[in-house]
Amino acid sequence: MTIGIIGSGAMGAGIAQVAATAGHTVWLLDQNQAALQQAAQRIRQSLDKLAEKGKLMVEDATAAFARIQLTENQTDFADCGLVLEAIVEDLAAKQQVFREVERVVSANCVLATNTSSLSITSIAAACQWPERFVGIHFFNPAPLMQLVEVVPAVQTRPGLAKEVHALVQSWGKRPVLVQDTPGFIVNRVARPFYGEAIRLLEEGVADAATIDWAMTELGGFRMGPFALMDFIGHDVNYRVTESVWTAFFYDPRYRPSLTQKRLLEAGYYGRKSGRGFYDYTPGAPIPSPTLDAALGQRILHRILAMLINEAADALHLHVASAADLELAMTTGVNYPKGLLAWADTLGLPHVLQILDDLYHEYHEERYRASPLLRRLAQAGQTFFPIEAIL
Ligand code: NAI
């Protein structure tokens, strides 16, 4: 099957590489000739690196590169069985692109978007045949990240998401099926990792270094929330939070923090600007954490309880299956354990107690426990059969 990719930026180029490596002929389109040339260079370098590391045979890397053709013209998509869009995150621009593409492609060509924050349904609505439309959300960098969120729109024909799931799996990825809801799985469930950590900082419970220490050393997370936010960039991280909050009709659970907004306003984007929560200028002192195990456990359990609550609520609302929720958080953001299995080992009554104590203390909606978590905890049940967690 020939695949068309629209937009040759970081994501489009990466996805083109994945599809070509899997054996597909790929048309990679961009409106900007310079972007196309850069993409070709990036793909070549990325394939060479994989070959150097022995992850790909040199001949296979060369063959994959040869399967990618660059174009500025959508008429080249005429024979495509799938066209995937990865242009700017702008609803009107995406809708316009699909209106144009539908004039070129055949009736059985599947149309897909890589959007992170727009509703799949709203993009599909611009199509004449929206039943062939689906979200295929890759993570950056697409050639290395295993997780792909497959998201049917309201209009998507039954069965298409499963077919796309199988296709993406055949590319060596680990796809999950997700309802068309804000943030899909990862960008929704991960919000408290950042938000609750900032809240602890704002309240003066601990400084950034201590919270990061608790999450990495005691929790086993690869990076602490503040180091990770600085790494992602506050421009990106704040905007994701804001878009999830807005898309959930301003549910206070997802409300962004003023502390992070101020960093953004100051241009303290994190590592890339030399300053964020931490100072990255050469010679700047590295803050040391307070190594207080009791405090660290309190921090870890509060953030963890909030994360578990998000995962539990996503399960409660049938956003995804329990297995897919676990797979998404362990492969998409490298959490050391799936959150639901983690809840089982901590004990659901303990997790519920943390949330209820917070709710009682603050009287804030952000601490409301998911009905599913409460129901299971009160019935003495777990998310998974007990054999799966021992
Ligand atoms: P980017 O800004 O690196 O690349 C976008 C490319 O699209 C540019 O080369 C631009 O010239 C081209 N373009 C813009 N409008 C076009 C049009 N009408 N027709 C043809 N080409 C057009 O963007 P990036 O980061 O690759 O993101 C692309 C999409 O993927 C966005 O929807 C984004 O939300 C989503 N995404 C981004 C991730 C990331 O970490 N960067 C992760 C997952 C999804």
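The structure we're discussing is the one just above.
What you are looking at is a predicted structure, and each value in this text was computed from that prediction instead of being measured. (Residues numbered from 1 in each chain as written. Predicted model: local features only at pLDDT ≥ 70, side-chain atom pairs only at ≥ 80, totals over all residues. Heavy atoms only, no water.)

## Comments concerning the packing of helix α9 (residues 208-218) against helix α13 (residues 293-316)
Here's step 1: At a minimum axis distance of 9 Å, the contact between α9 and α13 shows a crossing angle of 80°. Judged on the interaxial angle alone, α13 and α9 are roughly perpendicular. Along the contact surface, α9 presents Thr210, Ile211, Trp213, Ala214, Met215 and Leu218, while α13 presents Ala293, Leu295, Gly296, Gln297, Ile299, Leu300 and Ile303.
Here's step 2: Residue classes in the contact of α9 with α13 are distributed as 10 nonpolar, three polar and no charged. (Axes fitted to C-alpha atoms, helices over the stretch in contact; angles between N-to-C directions. Helix = DSSP H or I, 4+ residues; strand = E, 2+ residues; numbered from the N terminus. Parallel < 35°, antiparallel > 145°, perpendicular 65-115°, else oblique. Contact = heavy atoms within 4.5 Å. Nonpolar A, V, L, I, M, F, W, Y, C, P; charged D, E, K, R; others polar.)

## So, the pairing of strand β2 (residues 25-29)
Both faces of the sheet carry side chains from a regular strand, because those side chains alternate between them.
Here's step 1: For β2, a buried count of four out of five residues is recorded, marking the element as mostly surrounded by other parts of the structure.
Here's step 2: In the sheet, strand β1 (residues 2-6) pairs with β2 via five bridges, with the strands oriented parallel. Its bridge partner lying in β2, Thr2 is registered against Thr25.
Here's step 3: Between the parallel elements β1 and β2, the chain passes through helix α1 (residues 10-21) in a crossover that is right-handed.
Here's step 4: One ladder, built from four bridges, connects β2 with strand β3 (residues 68-71); its direction is parallel. Bridged to Leu29 within β3 is Thr71. (Buried < 20%, exposed > 50% of the residue type's maximum accessible area, 1.4 Å probe, protein only. Pairing = 2+ DSSP bridges. Right-handed = clockwise from strand over helix to strand, strands pointing away.)

## Quick notes on the sheet that holds strand β6 (residues 133-138)
Here's step 1: Spatially, eight strands are ordered β3-β2-β1-β4-β5-β6-β7-β8 in an open sheet, and the strand pairing comes out mixed. The strands lining the two open edges of the sheet, one partner per strand, are β3 and β8 (174-177). Across the sheet, the axes of successive neighbouring strands diverge by a mean angle of 25°, strand direction being ignored.
Here's step 2: Where β6 lies against strand β7 (residues 147-152), five bridges are found, and the strand directions are antiparallel. Among the inter-strand pairings, Gly135 is bridged to a residue of β7, identified as Val151.
Here's step 3: Its contacts with the sheet put helix α6 (residues 160-170) on β4 (80-85), β5 (110-113), β6, β7 and β8, and the angle it makes with β8 is roughly 165°.

## What about the site of the ligand?
Here's step 1: By nearness alone, 21 residues border the ligand, and Met11, Asp30, Glu89, Lys94 and Ser116 come closest of all.
Here's step 2: The side chain of Lys94 places a nitrogen or oxygen atom 2.8 Å from an oxygen atom of the ligand.
Here's step 3: Within the contact set of the ligand, an oxygen atom lies 3.0 Å away from a side-chain nitrogen or oxygen of Asn114.
Here's step 4: In isolation the ligand offers 840 Å² of accessible surface; the protein chains occlude 73% of this area.
Here's step 5: Elements that contribute at least two residues to the shell around the ligand include exactly α1, α4 (91-102) and β6.
Here's step 6: Each residue belonging to the shell around the ligand can be placed in one class, and the counts come to nine nonpolar, nine polar and three charged. (Near = heavy atom within 4 Å. Polar contact = N/O pair within 3.5 Å; in protein donor to acceptor, adjacent residues only side chain to side chain. Areas by Shrake-Rupley, 256 points an atom, 1.4 Å probe, with all protein chains shown as cover.)

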